[in-house]
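Single-letter residue listing:
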Amino acid sequence: MDVGGSRIRRRVSVRKRNRPSLEILFAAPTVAELRPGDEEEEEDKEEEMVAGSRRRKTVGVQPVENHDSEEDMFGDYDSFAENSFLAQVDDLEQKYMQLSENREHDADLATADLFSESIKHNKLSITTVGSFIELKTHEHTENQSGHKDVAVEPGPDLLCELPSSQVLYFENLQNSSNDLGDQSTKERDWNPSSHKTVSEDLLHNSIEQLQQIHESSSKVRTSSDVNRRKSLKDVLKSTMAGNAKAQTPIFSRTKQLKENLLSEEINVAKKTIESPSDDLGPFYSLPSKVRDLYVQFKGIEKLYEWQHACLTLNSVQERKNLIYSLPTSGGKTLVAEILMLQELLCRRKDVLMILPYVAIVQEKISALSSFGIELGFFVEEYAGSKGKFPPIKRREKKSLYIATIEKGHGLINSLIETGRINSLGLVVVDELHMIAEGSRGAVLEMTLAKIIYTSKTTQIIGMSATLNNVEDLQEFLQAEYYTSQFRPVELKEYLKINDTIYKVDSKAEAGMTFSRLLNYKYSDALKKMDPDHLVALVTEVIPNYSCLVFCPTKKNCENVAEMICKFLSKVILRAPYVAKEFLKRNQYKQMIGRAGRAGIDSVGESILILQEKDKQQVLELISRPLENCYSHLVQEFTKGIQTLFLSLIGLKIATNLGDIYHFMSGTFFGVQQKFLLKEKSLWEITVESLRYLTEKGLLQKNTIFTEKGLTQKDAIYKSEEWFQFSFHITKLGQASFKGTIDLAYCDILYRDLKKGLEGLVLESLLHLVYLTTPYDMASQCDPDWMIYFRQFNQLSPAEQNVATLIGVSENYIGKKASGQAIKKKVDKDIVNRLYLSFVLYTLLKETNIWSVSEKFNMPRGYIQSLLTAAATFSSCVLHFCEELEEFWVYRALLVELTKKLTYCVRAELVPLMEVTGVLEGRAKQLYNAGYKSLTHLANADPEVLIRTIDHLSRHQAKQIVSSAKMLLHEKAEALQEEVEELLRLPSDFPSIEKA
């Protein structure tokens, strides 16, 4: 993978190596210690080695062990400042002096082996300090068996990880190899097969000196042990100093470069020790293991040029906020992932990634769980009903929170409330253009505004394929901007009118040119089923390439899916509509951008099917610029600005009118207020919103200023009575804020829950299901009265009593079903909400969405959306009740109901469905195959899963196992933290003073 060559910074590890015990150093001598001679002499020494090794086993020699650390992925290296090598020599000599005289020959041989191996090992350690590469030396084993001297030669992967100075050394070494061949042969004629470095030559001379000293000392045993040890230290110090200073009379230029390199790397190491850095490795400050994982898990071996340019921007290096925009499929997500890994591994901070939809959150959880397992961080899901507020505070490992827009907002609120917002190092927002889309855009804007206002250390990264008025977003986020038009695969756009295909051409006068006619024979029956000729278009690419068809509604998707069984690189837009609204330019670009997959397709095609009546609108669509992003904070009144003010006061970010107005000035709306506000000013809107919240009983006001207390700066607001007040949140306001309840329904919810306490029916789940059925979906419901009446009559007496308690009678439903006039007024929203609760209740009993769809004559997509919304709303109601003591009875009940709505399967399948990517069908397969718990999945072999489970790919199997392992580790960590919390001495524990 291309990592930018010499532009990448290097850092030297300062961690001390786990040293082996002294017994490990007593090993057979290597070839470096064997003097040159004939084969018979070598065989004699070989026999002596074997005998010596047998004798040495009797004094407790242990086998060599490899000391690896999962935390330090680059290994551990000696520090020269600690003189650890000399300490080893002292300890070894102490042991050597204790050996019996009758083993002098064996001890001499072992000591010689120690000198050579230790110096050689120390030399290798110096090299690895500079290059940041862990060299695992296996010469010891090879020398014991075959006496072969193996040279360590740099390969292509090795050179990729070396500093620029060392790369230059190897290049010069290769260029000068021919010139130095003769000289090298003469210098090494005692062993022509060896290929030693300068340091090895120097150390060989040192070894010979040591051996001479040792031989002379063995003849004169009466000499002082202190003098002998002192002379040994002097020689070793001299040898190491020679390596470090790189001053040698050797004439070879290659040797001089090598010595200079060594000195340079030692200086770098010293500087790194003095000034710690976030740089942990060669892959954009990340360990090389990250690069290997991308190759292993995603097949990514090289970054695009724009990705490298973006990652090396000064603004990124300085951790400034950044917005970057590229066409869909350009590789934006990979840049974000690398930045997230830098924050998790290098800076040791938590990260939040905000994605637009639950399905995308789950997909990203599955993709990144493998990285979390390998690199040691948690991947936590915040979508639907999943997610803990506030998040668990981890002891050591950091967390990557992957959340939907709404859950991300709740997470930020909880971190601010608990004073942990600074633990969040990075927030990544995918599809940043969503900030302009209704109530969800307003929630996203609130989230980002709170981060900017409360944390000066949290970096924000936003990305999108469709941004136009970037300047406003830059001002709001205080961000730099990067853009490129790069696409890995060429995209061709077409329009289809009747049987004719036109190519989109901006240079043509009409905006399009004729391409071809569809040539596909249709039967009369197929013409009726497929008036838009979808089959003809799909069969142009299937089965060799894939095809994606966009439909305007969920029901239309189901019908098309029945007609076309396989979605197999072409994109087809069946109509220029999303529901009943005409397609926007941003939406069109998002859809067609998915055509063509990098590494698979050479070209991508998009075809927009349209009728003659839509031709003019479509021509304008394909030629106009992208729509601008505008704030919806004020347009979405109860979900926008009022919810924002309630949370600001609840979190104590701002508690008076002046502070709230100041906060609003820094929002996206504040940036755009000049052209968004025409009738009222921002000040007037702020005052109106606070008045509404106070009248609704969500806020209370307290006087903080008097006439004398007003400063000169505040005098301009003297006429505003509201400026004299501070605000605090009420219990109902706190419950609404914590439950993220739409303020339009918070008082209705409170009334329904209060009324439910008067006669809560617990013989079945129907009453609880009704209380957690979303209000907003009830207003859109249009019941089938005959089905309504039939389902009502199938209820038990207790269940019918639920309908009576909430105000819906059998007589009313019967008259509606028969078409009779009704004089008595009944709340339509309550009737509709009860009908939807029938749908959900039936689904919980049968757990089969297909049968429920037929029973209520509803599209399966609508029922699935209803179930997801109900699970989310149930979780919100639970948090709402937790803040109000009077609703304590609901807490335990809603915990179980939320779980049932989230999974909607048999109880035994719930543990399996907690794993991201495992839905009901897959859970049944796994359960029937014997995988009945989370532990079973976490310990499963992906290869066995592939053979056991039908239609399970290797990629899916690995993701399931990784997700299960991640979830298991999270639960184990949470239990461990709970244990430690229980055993920890309380901070307020009373101390007993001595008399």
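Definitions and cut-offs
Residues numbered from 1 in each chain as written. Predicted model: local features only at pLDDT ≥ 70, side-chain atom pairs only at ≥ 80, totals over all residues. Heavy atoms only, no water. Helix = DSSP H or I, 4+ residues; strand = E, 2+ residues; numbered from the N terminus. Buried < 20%, exposed > 50% of the residue type's maximum accessible area, 1.4 Å probe, protein only. Core = buried A, V, L, I, M, F, W, Y, C linked by side-chain atoms within 4.5 Å. Contact = heavy atoms within 4.5 Å. Pairing = 2+ DSSP bridges. Axes fitted to C-alpha atoms, helices over the stretch in contact; angles between N-to-C directions. Polar contact = N/O pair within 3.5 Å; in protein donor to acceptor, adjacent residues only side chain to side chain. Expected span 1.5 Å × (residues − 1). Patch = residues over 30% accessible without salt bridge, like charges linked within 9 Å, V, L, I, M, F, W, Y side chains within 5 Å. Areas by Shrake-Rupley, 256 points an atom, 1.4 Å probe, with all protein chains shown as cover. Salt bridge = Lys/Arg side-chain N within 4 Å of Asp/Glu carboxyl O. Parallel < 35°, antiparallel > 145°, perpendicular 65-115°, else oblique. Nonpolar A, V, L, I, M, F, W, Y, C, P; charged D, E, K, R; others polar. Left-handed = near helix turned anticlockwise from the far one by under 90°. Phe/Tyr/Trp six-rings, centres within 6.5 Å; stacked < 30°, edge-to-face > 60°.

## With respect to unusual backbone geometry
Put simply, F389 and P390 share a cis peptide bond, and its omega is -10°. With respect to the element layout, P390 can be found in the loop between β3 (378-382) and β4 (399-403). Backbone geometry at S329 places phi at a positive 75°, although glycine is not the residue there. The class of S329 is partly exposed, set by a relative accessible area of 33%. Of note in the backbone geometry, R348 takes a positive phi value of approximately 55° without being a glycine. Note that R348 resides in the loop between α14 (332-346) and β2 (350-354).

## Re the nonpolar core
Note on soluble globular proteins: their nonpolar side chains tend to be buried together. L352, F476, L477, F645, L753, Y788 and F880 are the most contacted members of the largest nonpolar core, which totals 127 residues. Tallying contributions element by element places helix α37 (residues 860-882) first for this core, with 11 residues. Not counting the four nearest positions on each side in its chain, L753 is found in contact with L771, V877, F880, C881, F887 and Y890. Among the nonpolar cores identified, the runner-up in size contains 44 residues, and A336, C346, L355 and Y482 belong to it.

## Quick word on the environment of E380
Along the polypeptide, E380 turns up in strand β3. A relative accessible area of 7% means that E380 is categorised as buried. In this structure the C-alpha to C-alpha distance between E380 and L352, which are 28 residues apart in sequence, comes to 9.6 Å. Apart from the residues lying within four places of it in its own chain, the contact partners of E380 are I365, R394, S399, L400, Y401, I402 and E970.

## Observations regarding the sheet that holds β4
What the 7 strands build is an open sheet, ordered β3-β4-β2-β5-β6-β1-β7; its pairing is parallel. The sheet terminates laterally at β3 and β7 (479-483), the two strands that pair on one side only. Ignoring strand direction, the axes of neighbouring strands in this sheet form an average angle of 15°. Bridging between β3 and β4 involves 5 bridges; their strand directions are parallel. Of the residues in β4, the one forming a bridge with F378 is S399.

## Points about the side chain of N656
Within the secondary structure, N656 sits in the loop between α24 (641-650) and α25 (657-665). Of note is the side chain of N656, whose polar atom sits 3.1 Å from the backbone nitrogen of G658.

## Here we look at helix α27 (residues 682-695)
Relative to the 20 Å expected for 14 residues at 1.5 Å per residue, α27 spans 20 Å between its end C-alpha atoms, a close match to the ideal helical length. The complete set of buried residues in α27 reads L682, W683, I685, T686, V687, S689, L690, L693 and T694. For α27, the elements touching its buried residues are α24, α25, α26 (668-676), β16 (699-703) and β17 (725-729). Immediately downstream of α27, the backbone of G697 shows phi near 85°, a positive value.

## Regarding a nonpolar patch on the surface
Residues V979, L982 and L983 make up a contiguous nonpolar surface patch of roughly 350 Å² in combined accessible area. Looking at the element boundaries, V979 is found in helix α43 (residues 954-983). Residue classification places V979 among the partly exposed positions, given a relative accessible area of 40%.

## A look at the packing of α24 against helix α28 (residues 731-738)
Axes are the key here: two packed helices are described by the angle between their axes and the distance separating the axes. One way to put it is that α24 packs onto α28 with a least axis distance of 10 Å and a crossing angle of 110°. By the criterion of interaxial angle, the relationship of α24 to α28 is roughly perpendicular. The segment α24 lies against α28, with L646, S647 and G650 engaging G733, Q734, S736 and F737. When its residues are assigned to classes, the contact of α24 with α28 shows 2 nonpolar, 5 polar and no charged.

## Quick notes on the pattern of salt bridges
Taken as a whole and judged by the stated rule, the model has 26 salt bridges. As a salt-bridge pair, E883 and K738 come within 3.4 Å of each other at their nearest N and O atoms. Of this pair, E883 sits in the loop between α37 and α38 (888-903) while K738 sits in helix α28, placing them 145 residues apart in sequence. It is possible to trace a salt-bridge network through shared partners that takes in K298, E337 and K364.

## Brief notes about the packing of α37 against α38
Between α37 and α38, the least distance of the axes is 9 Å, while the angle of their chain directions is 160°. In terms of axis orientation, α37 runs roughly antiparallel to α38. As for how α37 packs across α38, the hand of that crossing is left-handed. Contacts between α37 and α38 involve L867, A870, A871, S874, S875, V877, L878, C881 and E882 on the former and, on the latter, Y890, R891, L894, V895, L897, T898, L901 and T902. A class-by-class count of the residues in the contact of α37 with α38 yields 11 nonpolar, 4 polar and 2 charged.

## A look at the packing of aromatic side chains
If you walk through the whole model with that rule in mind, you get 23 aromatic pairs. With a centroid separation of 5.7 Å and 90° between ring planes, the pair formed by Y382 and Y401 is classed as edge-to-face. Taken together, the positions of Y382 in strand β3 and Y401 in strand β4 put the pair 19 residues apart, joining distant regions of the chain. The same class applies to Y382 and to Y401, which are both buried. Ring centres 5.3 Å apart and planes at 15° place the aromatic pair Y745 and Y775 in the stacked group.

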